[in-house]
Amino acid sequence: KVTVTQPKEGSLSPAIFGIGTVEAQRAWLVGPTTAGRVLSVKVDVGERVKAGQLLAEMDPVDLDQRLAALDASLARAGSTQASVSAQVSDAKARRALAAANTQRNQDLARQNFISTGALEAKLQEQASADAALQAAQANLTGAGQDLLRLKAERAALVQQRGNVRLLAPADAVVTSREFEAGSTVVAGQAVIRLVDPGSLWVKMRVDQGRSGGLAPGLKASIVLRSQPNTPLAGQVARLELMADAVTEERIAQVAFAQIPPN
């Protein structure tokens, strides 16, 4: 069989072929910050979630009771601070009275109406009043510091209580549920996996021997296995500096010009 054709003039443009997988540039692993038991999972695989949406909830165990205990401790610390503040006011009044008595007795001593021993007794009373005022002020400072410590502990516990609610960090799609209700997870372990559907790209692998002209910004044609007859436009977004040492392949990220539906 002979095929006859006419020669034509044209231009040849070199191309590089590679095989890749579709991945998400932005993905999140949502899990607790402390070890605990999963109380409930609110979303399923494939669902689109909004930023701040409740994804799952951990068992708070005794956090609510500890918050109630801290609230009671804060109320008691406030009462203690009020009591010590009243003691400071009383100490100031006693000191003022002792200072007035000392001044009066000093005037009488200069006129020789009282003895030196009586004057020394009044001076000692004033010194005692000064010391009592300093002690009351120190107690007031300590009560204020205790109140600040309890407030900080309560704030930390409130934050820990809020962490049992696993919220979506951004608009995303659920790709997997790693654990179900009743499962025990450790700190940092993912319960829900999310991806940003608007950040999909292709992680392409190219043999190093044919990757000399590969560079960011080159136009690309993406053919999905699920749509072999519909090439999609793309562009090389990034070229990884490190190649695969085992397969001797360069790795490039190819972004879609327009992400296809579904």
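Residues numbered from 1 in each chain as written. Predicted model: local features only at pLDDT ≥ 70, side-chain atom pairs only at ≥ 80, totals over all residues. Heavy atoms only, no water.

## A look at the environment of leucine 214
Residue placement: leucine 214 occurs in the loop between β10 (200-207) and β11 (219-224). Its relative accessible area of 10% is what places leucine 214 among the buried residues. (Helix = DSSP H or I, 4+ residues; strand = E, 2+ residues; numbered from the N terminus. Buried < 20%, exposed > 50% of the residue type's maximum accessible area, 1.4 Å probe, protein only.)

## Here's the deal with the pattern of salt bridges
Enumeration according to the criterion identifies 14 salt bridges in this entry. One salt bridge in this structure joins aspartate 59 and arginine 37, with 2.5 Å as the shortest N-O distance. Separated by 22 residues along the polypeptide, aspartate 59 in the loop between β5 (54-58) and α1 (63-110) and arginine 37 in strand β3 (residues 36-41) bring together distant segments of the chain. Judged by its relative accessible area of 37%, arginine 37 is partly exposed. Residues aspartate 71 and arginine 154 are paired through a salt bridge, measuring 2.4 Å at the closest nitrogen-oxygen approach. Here arginine 154 lies in helix α2 (residues 116-162) and aspartate 71 lies in helix α1, a separation of 83 residues in the sequence. We classify aspartate 71 as partly exposed; its relative accessible area is 34%. One salt-bridge network, held together by shared partners, links Asp44, Arg177 and Glu180. (Salt bridge = Lys/Arg side-chain N within 4 Å of Asp/Glu carboxyl O.)

## A few points about the pairing of β11
Bridge count between β11 and strand β12 (residues 227-239): 5 bridges; the pairing is antiparallel. By the bridge assignment for β12, serine 221 is matched with alanine 233. In this structure, the hairpin formed by β11 and β12 is closed by a connection of 2 residues. (Pairing = 2+ DSSP bridges.)

## As for the layout of surface pockets
Considered as a void within the structure, the largest pocket measures approximately 730 Å³ in volume. Counting only elements with at least two residues in the lining of the largest pocket, the list comes to β1 (19-24), β10 and β11. Tallying contributions element by element places β11 first for the lining of the largest pocket, with 6 residues. Residue composition of the lining of the largest pocket, grouped by class: 16 nonpolar, 5 polar and 2 charged. Of the volumes computed, that of the second largest pocket is approximately 290 Å³. (1 Å grid on protein atoms, 1.4 Å probe; cavity = no way out; pocket = protein on both sides within 12 Å on 5 of 7 lines; lining within 4 Å. Points joined across faces, edges and corners; volume = space filled by probe spheres on them. Nonpolar A, V, L, I, M, F, W, Y, C, P; charged D, E, K, R; others polar.)

## Points about the nonpolar core
Core analysis: the biggest nonpolar cluster contains 26 residues, and Val38, Val49, Leu55, Val191, Ile192 and Leu194 have the highest contact counts within it. Residue assignment for this core shows that the elements contributing at least two residues are β3, β5, α1, α2, β7 (172-177) and β9 (192-195). Top contributing element to this core by residue count: α1, with 5 residues. Core analysis: the second largest hydrophobic core is formed by 11 residues, Val202, Val236, Ala252 and Val254 among them. (Core = buried A, V, L, I, M, F, W, Y, C linked by side-chain atoms within 4.5 Å.)

## Side note on α2
End to end, α2 covers 69 Å across 47 residues, agreeing with the expected 69 Å (1.5 Å per residue, within 8%). Of all the positions in α2, only Leu119, Gln126, Ala129, Leu133, Ala136, Ala143, Gly144, Leu147, Leu150 and Leu157 are classed as buried. Buried residues along α2 sit in contact with α1. (Expected span 1.5 Å × (residues − 1). Contact = heavy atoms within 4.5 Å.)

## Thoughts on the sheet that holds β5
Spatially, the 4 strands line up as an open sheet ordered β6-β5-β3-β8, and their pairing is antiparallel. Each having just a single partner strand, β6 (165-167) and β8 (184-185) make up the two edges of the open sheet. Alignment of β5 against β6, held across 3 bridges, turns out to be antiparallel. Paired with glutamate 57 across the bridge in β6 is arginine 165.

## Some words on the packing of α1 against α2
Two elements in contact, α1 and α2, have axes separated by 7 Å at closest approach and are oriented at 165 degrees. In terms of orientation, α1 lies roughly antiparallel with respect to α2. The way α1 lies across α2 gives a crossing that is left-handed. (Axes fitted to C-alpha atoms, helices over the stretch in contact; angles between N-to-C directions. Parallel < 35°, antiparallel > 145°, perpendicular 65-115°, else oblique. Left-handed = near helix turned anticlockwise from the far one by under 90°.)

## Re the sheet that holds β10
Read from one edge to the other, the open sheet built from 5 strands follows the order β1-β10-β13-β12-β11, with strand pairing classed as antiparallel. The sheet terminates laterally at β1 and β11, the two strands that pair on one side only. Looking at each pair of strands side by side, their axes are set apart by 40 degrees on average, direction ignored. Two elements, β10 and strand β13 (residues 249-256), share 7 bridges in a ladder whose sense is antiparallel.

## With respect to the side chain of asparagine 105
Residue position: asparagine 105 is located in helix α1. Residues in contact with asparagine 105, not counting those within four places in the same chain, are Ile114, Leu119 and Lys122.

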